[in-house]
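Notes for the structure review
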Amino acid sequence: MKKRILILGGGISGERSISLKTAKAVKNSIKKKYNCRIVEPDENLTKNIDRFSPHVVFNALHGRFGEDGFIQTYLEGKGVRYTHSGVLSSMMAMDKEISKKLFIKNKILTPKFQKIKTNLNKKEVIKLLKKKIKFPVVIKPINEGSSLGVYICNEKNIIKNLKKLKAYDEVLVEKFIPGREIQVAILGKKKLGVIELRPKRKFYDYKAKYSSKAKTKHIIPVNIKTKDYQNVMNIALKAHKVLKCRGVTRSDFKFYNGKFYLLETNTQPGMTNLSLVPEIALHHGMNFFSLINWIIKDASKNR
């Protein structure tokens, strides 16, 4: 009999549409080998799990409630094996303030940052930031993914952009680092590979990630020195271990003046036709099915 794989897709975060694309891509790649179905994490989830009795739940959710420890806690309570990182690792990686503090504690270079209230006036914001961070800065929600709600700001437009994030009580303000966009994939304890992105937009934001019209250039292999290549992979693996991740992660860096600045580590990177981890894996001889199959087998060993 084929093993049963329940794929969680959709959800209620701002990344719902991307989650559904990931879920469909995963299902299409494994449906010949596994008995699989896609379900939503809604009021029928318990019934669906009990009826289907999956060997593994493939967590294709993105964003809040999907990769922040919430759904992981639920699945732990059900005693179900699931893909990607566990409760604590997911929570720490998703919380940008916590993860950055852990990076700093473990001597991983990351941009300077400050947490601020979104209801401050311009004078208060400028005074607060000038003590620690010089403009330009990046503002972002503390617990969102896919660069949702991320803005590059100067003194003139920071209040206008903060108002766009008024749904959040607090946001993270981070020193803007120019330079090259470098992404690294980790698979278990293995350093999988590196890719560089050259977006036509200001940075690799939501549209640059998921819109084919944005025409972000993907560069693989990356044209950097061998020692830099090894260095950034080592940093990504260290971050993976610091956060106690399992399965696959993708770490996002800026490369500037010979230094790699770790922006964040993603515990559930996308698996769409524009996603980076599958592209890195393919370049290193691992096709999409093999990647998804590895993730499922890895999950079946963990609980």
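Presented here is a report on the structure given in the accompanying data block.

Calculation criteria
- Residues numbered from 1 in each chain as written.
- Predicted model: local features only at pLDDT ≥ 70, side-chain atom pairs only at ≥ 80, totals over all residues.
- Heavy atoms only, no water.
- Pairing = 2+ DSSP bridges.
- Helix = DSSP H or I, 4+ residues; strand = E, 2+ residues; numbered from the N terminus.
- Axes fitted to C-alpha atoms, helices over the stretch in contact; angles between N-to-C directions.
- Buried < 20%, exposed > 50% of the residue type's maximum accessible area, 1.4 Å probe, protein only.
- Salt bridge = Lys/Arg side-chain N within 4 Å of Asp/Glu carboxyl O.
- Contact = heavy atoms within 4.5 Å.

**Examining the sheet that holds strand 10 (residues 217-219)**
One open sheet accounts for five strands, arranged 10-9-8-11-12; its pairing is antiparallel. Both outer strands of the open sheet, strand 10 and strand 12 (259-266), are each paired with one neighbouring strand and no more. The sheet shows a mean angle of 30 degrees between the axes of neighbouring strands, taken without regard to direction. Pairing of strand 8 (residues 180-187) with strand 9 (residues 190-198) involves seven bridges; the strand directions are antiparallel. Across the sheet, residue Ile186 finds its bridge partner in strand 9, namely Lys191.

**Section: the pairing of strand 8**
Among the eight residues that make up strand 8, seven are buried, leaving the element largely enclosed by the rest of the structure. What sits between strand 8 and strand 9 in their antiparallel hairpin is a turn of two residues, with Gly188 showing a positive phi close to 65 degrees.

**A short note on the pattern of salt bridges**
Under the counting rule described, the total for this entry stands at eleven salt bridges. One salt bridge connects Lys78 with Asp50, and the closest N-O pair in it is separated by 2.7 Å. Of this pair, Lys78 sits in helix 3 (residues 70-78) while Asp50 sits in helix 2 (residues 45-52); the two residues are 28 residues apart in sequence, bridging distant segments of the chain. Notably, a salt bridge pairs Lys115 with Glu170, separated by 3.7 Å at the nearest N-O pair. Within this pair, whereas Lys115 is found in strand 4 (residues 113-117), its partner Glu170 is found in strand 7 (residues 170-175), the two being separated by 55 residues in sequence. Three or more residues joined by partner-sharing salt bridges are found here, namely Glu97, Lys101, Lys115 and Glu170.

**Topic: the sheet that holds strand 6 (residues 151-153)**
Read from one edge to the other, the open sheet built from four strands follows the order 4-7-5-6, with strand pairing classed as antiparallel. Only two strands of the sheet have a single partner each, and these edge strands are strand 4 and strand 6. Looking at each pair of strands side by side, their axes are set apart by 30 degrees on average, direction ignored. Here strand 4 runs beside strand 7; their pairing, made up of five bridges, is antiparallel. Considered in strand 7, the bridge of Ile116 is made with Val171. Across the sheet, helix 6 (residues 122-130) is in contact with strand 4 and strand 7; its angle to strand 4 comes to roughly 160 degrees.

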